[in-house]
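So you can see what is in the structure, the chains are spelled out below.
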Amino acid sequence: MRILITGGAGFLGSHLCDKLLAQDHEIICLDNLFTGSKSNIAHLLKHPKFEFVRHDVTDPFKYEVDQIYNLACPASPPHYQFNPIKTTKTSVMGAINCLGLAKRVKARVFQASTSEVYGDPSVHPQPESYWGNVNPIGRRSCYDEGKRCAETLFFDYHRENKVDIRVVRIFNTYGPRMHPNDGRVVSNFIVQALKGIDLTVYGDGSQTRSFCYVDDLLEGFVRLMNQTETVGPVNIGNPGEFTMLELAEQVLKLTKSKSKIVHKPLPADDPKQRRPDITLAKKHLKWEPKVPLAEGLKKTIAYFKTKV
Ligand code: NAD
Ligand code: UDP
């Protein structure tokens, strides 16, 4: 198949390019390089089935493709809050452009949605049927509401125009090729530990997240895209739940770092708890994560040792 991946030069997108090329597909990687980088795809630039296009997903594009994976959108809070209006435009106009293309060329189109659609959840763990608790006017809203609106567009194009959609809700994912200055917790703690500087735990560190290793996540993506039982939304994530203090301690242990833990103010609207209910993924995709946190962290630490 010929497959378009928007955001293909980012952390998840570049791994997806690798995975789909290994399955012998032809890949068009479209990215404006806002948070992604050519170094993530440098090893692919000479591959005969790989093409990189520098383009903004908010501007229309046309390719004859069989499948579209829409991943374009900054994912870490400092990056998506850097230009919040652009973040909303990226999610909303990017979705419209991908859906319009899918409609014209009859491609199957996949949306990388997020656990952030659940906001600061009052239901725990979060099943797909939970409608969420999102502040519509806060600092995180540009991302959360942009992604929620993108889901709305996907389902309206599906109902109104019979576009063949798949929607995945991704829970915190980590692994090699995260940007060292990305600002997300796993990369921050590892980089801080390797540099021997203080690990910055926001708030008292009792808030929880559930961390999925990138290889597990992408297996879930491809299974969702290539089955016909469900269009989603489907949660993909690792149900292992950790406080940020527990994560900091694990990182210190695995890096054998002498760094200390310091506390910084908790950002506004920071969700207090997050854990996926993956019943649907298990049932429809026969999917569940395989890589435990300690093992995934070891691989990620090995990557960052080459970068910092
Ligand atoms: P990332 O920031 O590494 O990748 C995003 C990519 O999109 C980058 O290459 C960036 O340059 C590109 N991009 C941003 N705006 C664009 C635009 N207007 N036009 C074209 N390209 C643009 O982040 P990631 O972790 O790889 O996330 C990929 C997708 O998965 C995002 O849509 C994100 O919202 C979603 N997601 C990720 C996580 C996670 O934990 N990694 C969790 C939930 C959802
Ligand atoms: N966090 C932290 N220290 C950091 C970066 C983040 O304690 O250096 C916390 C953050 O407040 C949040 C959790 O870690 O509670 C996950 O943050 P991240 O930005 O990785 O993802 P998200 O909040 O979008 O789930």
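Residues numbered from 1 in each chain as written. Chains lettered and ligands numbered in written order. Predicted model: local features only at pLDDT ≥ 70, side-chain atom pairs only at ≥ 80, totals over all residues.

A. Examining the overall build of the chain more closely. Helix and strand counts for the chain come out as ten helices and 13 strands. Taking 19 Å as the expected radius of gyration for a compact globule of 308 residues, we find that the chain reaches 19 Å, a close match to that expectation. Considered along the principal axes of its C-alpha atoms, the chain spans approximately 55 × 45 × 40 Å. Taking all 308 residues of the chain together, 47% fall into the buried category. Put simply, 79% of the contacts in the chain that link residues at least 6 apart link residues at least 24 apart. (Helix = DSSP H or I, 4+ residues; strand = E, 2+ residues; numbered from the N terminus. Rg over C-alpha atoms; globule rule 2.2 N^0.38 Å. Buried ≥ 20, exposed ≤ 12 C-beta atoms within 10 Å, placed from the backbone. Contact = placed C-beta atoms within 7 Å.)

B. Layout of the environment of D277. Assignment of secondary structure puts D277 in the loop between β13 (261-264) and α9 (279-285). Along the sequence, D277 and E128 sit 149 residues apart, while their C-alpha atoms lie 7.8 Å from each other. Once residues lying within four places of it in the same chain are set aside, the contact partners of D277 are P125, Q126, P127 and N235.

C. Inspection of the UniProt feature "domain: NAD(P)-binding" (unreviewed entry) in the chain at higher detail. Within the UniProt annotation, "domain: NAD(P)-binding" (unreviewed entry) is assigned to residues 4-300. Helix makes up 39% of residues 4-300 and strand 18%, and the two end C-alpha atoms of the span are 27 Å apart. (UniProt positions renumbered as here; feature names shortened; annotations may be inferred.)

D. Local environment of the sheet that holds strand β4 (residues 67-70). Taking strand neighbours across the sheet as the criterion, the seven strands line up as β3-β2-β1-β4-β5-β6-β11 in an open arrangement whose pairing is parallel. The strands lining the two open edges of the sheet, one partner per strand, are β3 (50-54) and β11 (234-236). Neighbouring strand axes in the sheet, compared pairwise and without regard to direction, differ in orientation by 20 degrees on average. Note that strand β6 (residues 165-170) and β11 share three bridges and pair parallel. Each bridged residue has a counterpart across the sheet, and for I170 the counterpart in β11 is I236. Packing against the sheet, helix α7 (residues 214-225) makes contact with β4, β5 (108-114), β6 and β11, and its axis sits at approximately 160 degrees to β6. (Pairing = 2+ DSSP bridges. Axes fitted to C-alpha atoms, helices over the stretch in contact; angles between N-to-C directions.)

E. Quick peek at the site of ligand 2. In the vicinity of ligand 2 lie 15 residues, with R184, V185, N188, T200 and Y202 positioned nearest. Going through the elements one at a time, α6 (185-195) and β8 (199-202) are the ones with two or more residues in the shell around ligand 2. Per element, the largest residue contribution to the shell around ligand 2 is three residues, and it comes from β8. (Near = placed C-beta within 6 Å.)

F. Just the site of ligand 1, in detail. Residues in contact with ligand 1 amount to 27 residues; listed here are only the nearest, G7, G10, L12, T35 and G36. Looking at the shell around ligand 1, the elements with two or more residues in it are α1 (11-22) and β5. Looking at side-chain class alone, the shell around ligand 1 contains 13 nonpolar, twelve polar and two charged residues. (Nonpolar A, V, L, I, M, F, W, Y, C, P; charged D, E, K, R; others polar.)

G. Representation of the confidence of the model for the chain within the structure. Residues at a pLDDT of 70 or more form 100% of the chain, whose mean pLDDT is 97. Across the whole predicted complex the pTM is 0.97, and at the interface the ipTM reaches 0.98. (pLDDT = per-residue confidence, 0-100.)

H. Highlighting unusual backbone geometry. A cis amide bond links H124 to the next residue, P125, at an omega of -10 degrees. Structurally, the position occupied by P125 is in the loop between β5 and α5 (141-161). Cis geometry is found at the peptide bond from G232 to P233, where omega equals 0 degrees. Here P233 is to be found in the loop between α7 and β11. Even without glycine at this site, D24 takes up a positive phi of about 75 degrees. Along the chain, the position of D24 falls in the loop between α1 and β2 (26-31). Although it is not a glycine, K162 adopts a positive phi angle of roughly 60 degrees.

I. Spotlight on the packing of α6 against helix α8 (residues 244-255). For the pair α6 and α8, interaxial distance at closest approach is 10 Å and the crossing angle is 40 degrees. With respect to α8, the element α6 is oriented oblique. Handedness of the α6/α8 crossing: right-handed. Contacts between α6 and α8 pair V185, F189, I190, A193 and L194 from the former with M244, L247, A248, V251, L252 and T255 from the latter. The class makeup of the residues in the contact of α6 with α8 is ten nonpolar, one polar and no charged. (Parallel < 35°, antiparallel > 145°, perpendicular 65-115°, else oblique. Left-handed = near helix turned anticlockwise from the far one by under 90°.)

J. Broad picture of helix α4 (residues 84-105). Helix length check: α4, at 22 residues, gives a terminal C-alpha distance of 31 Å against a target of 32 Å (1.5 Å per residue), a fit within 8%. The complete set of buried residues in α4 reads T87, T88, T90, S91, G94, A95, N97, C98, L99, L101 and A102. Buried residues in α4 make contact with β1 (2-6), β4, α3 (77-82), β5 and α5. Trailing α4 by a residue or two, K106 shows a phi angle of about 55 degrees, which is positive. (Expected span 1.5 Å × (residues − 1).)

K. Spatial organisation of the packing of α4 against α5. Between α4 and α5, the least distance of the axes is 8 Å, while the angle of their chain directions is 15 degrees. As far as their axial angle goes, α5 and α4 are roughly parallel. In this structure, α4 crosses over α5, and the sense of that crossing is right-handed. Residues P84, T87, T88, S91, V92, A95, I96, L99 and K103 of α4 form the contact with α5, whose own contacting residues are C142, Y143, E145, G146, K147, C149, A150, L153, F154, Y157 and N161. Of the residues that constitute the contact of α4 with α5, the class distribution is twelve nonpolar, five polar and three charged.

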